[in-house]
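# Summary of the model geometry
Here are the chains, one letter per residue:
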Amino acid sequence: MKSKLFSILFALVLAVSLMLVSAAADASSITGAVTLVAEGDSTAEWTDEEAMVDDHSARLTMPNRNWYIEPISNAEAQIDVEDIRVGDITGFSFWQKVDNVDLPLCIEFNLNDGTVIRGYGLDRSKFPGGDAPHTDWFQVNESDISFGWPPSWDYYKSNYSDYIVESIYIGYGPIGSTQSVTAYVDDFALNEATYVFEPPLGPSDVLDHFTCYEVKEPKDLPKFEERDVVVTDQFGEEALTVKKPKLICIPCSKDGSEIKNPEIFILKLYQIKEPKDSPKFEPRDVLVTDQFGEEVLTVKKPKYLAVPALKEHTE
Ligand SMILES: [Ca+2]
Ligand SMILES: [Ca+2]
């Protein structure tokens, strides 16, 4: 009897934990929706010196200045949230770490008709003596924030329920300051979605460097037989004839950089040609940025098709 009860309990616990796991999987994690914006003498940038979640947070600084006299200066993280009715918001939160609790972060909800719902940082009525004792990482949620008068999120939720929130800003925009302050902000959660506070990936976060070597098919071995393929990329769709292998490109470390992909996975570059009777590629200018700088380049015509390949040594 006891062991049967135990089995039932065990099954129940297992079922509940499986439900929890699937609930966690339902919550979405959204990257690339956060833009850091600064005006005047403020700064807004990604940093790895502080982080609550993953490696980076947004660092917002405002220097000491007189906000009545100085030109506009603000620093904020702008989150392009998936549009949502105010009335459908069940909760929101974000992480903050502020070195000067006298200067709380603001949060702004930008609505579809131009209305801004503005929260003026932590609701100090919650903290005895008026001090928010949070100079360490602190997860702020809707009930911690003072919305001026009327003071609560619930008021806006019921009175603006049919308006649509298009974006949310967290920062120092409208407050101004006569003291300097540095704030770090990390992941913003809205209902089940988490807007990830990490810098956007750059090309070298995703791709390796490659060294490219000229190749030749040995005389006594069978040759590549040319064939037609259709290639689609950001420039459009094009029929191309693949002629013969000309280069192989092998992942490399440049000045000690880490190689991300297995080194046996390489690129094999085939010389390609636009068939005579097909429309020709129209040259265009593009702006290309890499570790050496940025430059405008004219794209003339397709020249090689790079095909992922496996490289093995034969000698
Ligand atoms: Ca982060
Ligand atoms: Ca939006």
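Only a predicted model underlies this, so the values are computations on that prediction, with no experimental measurement involved.

Next up on the list: the environment of glutamate 263. Of note, glutamate 263 is situated in the loop between strand S16 (236–252) and strand S17 (265–273). On a C-alpha basis, the gap between glutamate 263 and phenylalanine 210 in space is 10.0 Å, while along the polypeptide they are 53 residues apart. If we skip the residues at most four places from it in the chain, glutamate 263 touches Ile250 and Pro251.

A few words now on the pairing of strand S5 (residues 74–79). Counting buried residues along S5, five of its six residues qualify, which places the element largely inside the surrounding structure. Sheet topology note: the strand S2 (residues 34–39)/S5 ladder contains six bridges and is antiparallel. Among the inter-strand pairings, valine 37 is bridged to a residue of S5, identified as glutamate 76. Looking at chain direction, S5 and strand S11 (residues 164–171) are connected through four bridges and run antiparallel. Each residue of the ladder has a partner; that of isoleucine 79, found in S11, is isoleucine 168.

What follows deals with the environment of serine 167. As for its placement among the helices and strands, serine 167 is situated in strand S11. Residues serine 167 and glutamate 82, 85 residues apart in the sequence, show an inter-C-alpha distance of 7.9 Å. Ignoring sequence-local partners within four residues, the contact set of serine 167 consists of Gln78, Ile79, Asp80, Val81 and Asn110.

This brings us to the environment of glutamine 291. Summarising the element assignment, glutamine 291 is placed in the loop between strand S18 (284–290) and strand S19 (293–299). Given 11 C-beta atoms within a 10 Å radius, glutamine 291 is considered exposed. In this structure, the C-alpha to C-alpha distance between glutamine 291 and proline 203, residues 88 residues apart in sequence, is 9.5 Å.

Looking now at the confidence of the model for the chain. Per-residue confidence for the chain averages 86 on the pLDDT scale, and 83% of its residues sit at or above 70. Contacts from residues 8–25, a stretch scored under 50 in pLDDT, to residues over four places away or in other chains number zero contacts.

For the rest of this paragraph, the subject is the nonpolar core. Formed by 36 residues in total, the largest nonpolar core has its most connected members in Ile168, Ile170 and Val185. Counting only elements with at least two residues in this core, the list comes to strand S4 (57–62), S5, strand S7 (92–98), strand S8 (106–111), helix H2 (153–159), S11 and strand S12 (181–190). A total of six residues in this core trace back to one element, the largest contributor, which is S12. Beyond its immediate chain neighbours, meaning those up to four positions away, isoleucine 170 contacts Glu76, Ala77, Phe94, Leu105, Ile107, Val185 and Phe188.

Reading the values: the criteria
Residues numbered from 1 in each chain as written. Chains lettered and ligands numbered in written order. Predicted model: local features only at pLDDT ≥ 70, side-chain atom pairs only at ≥ 80, totals over all residues. Helix = DSSP H or I, 4+ residues; strand = E, 2+ residues; numbered from the N terminus. Contact = placed C-beta atoms within 7 Å. Buried ≥ 20, exposed ≤ 12 C-beta atoms within 10 Å, placed from the backbone. Pairing = 2+ DSSP bridges. pLDDT = per-residue confidence, 0-100. Core = buried A, V, L, I, M, F, W, Y, C linked by C-beta atoms within 7 Å.

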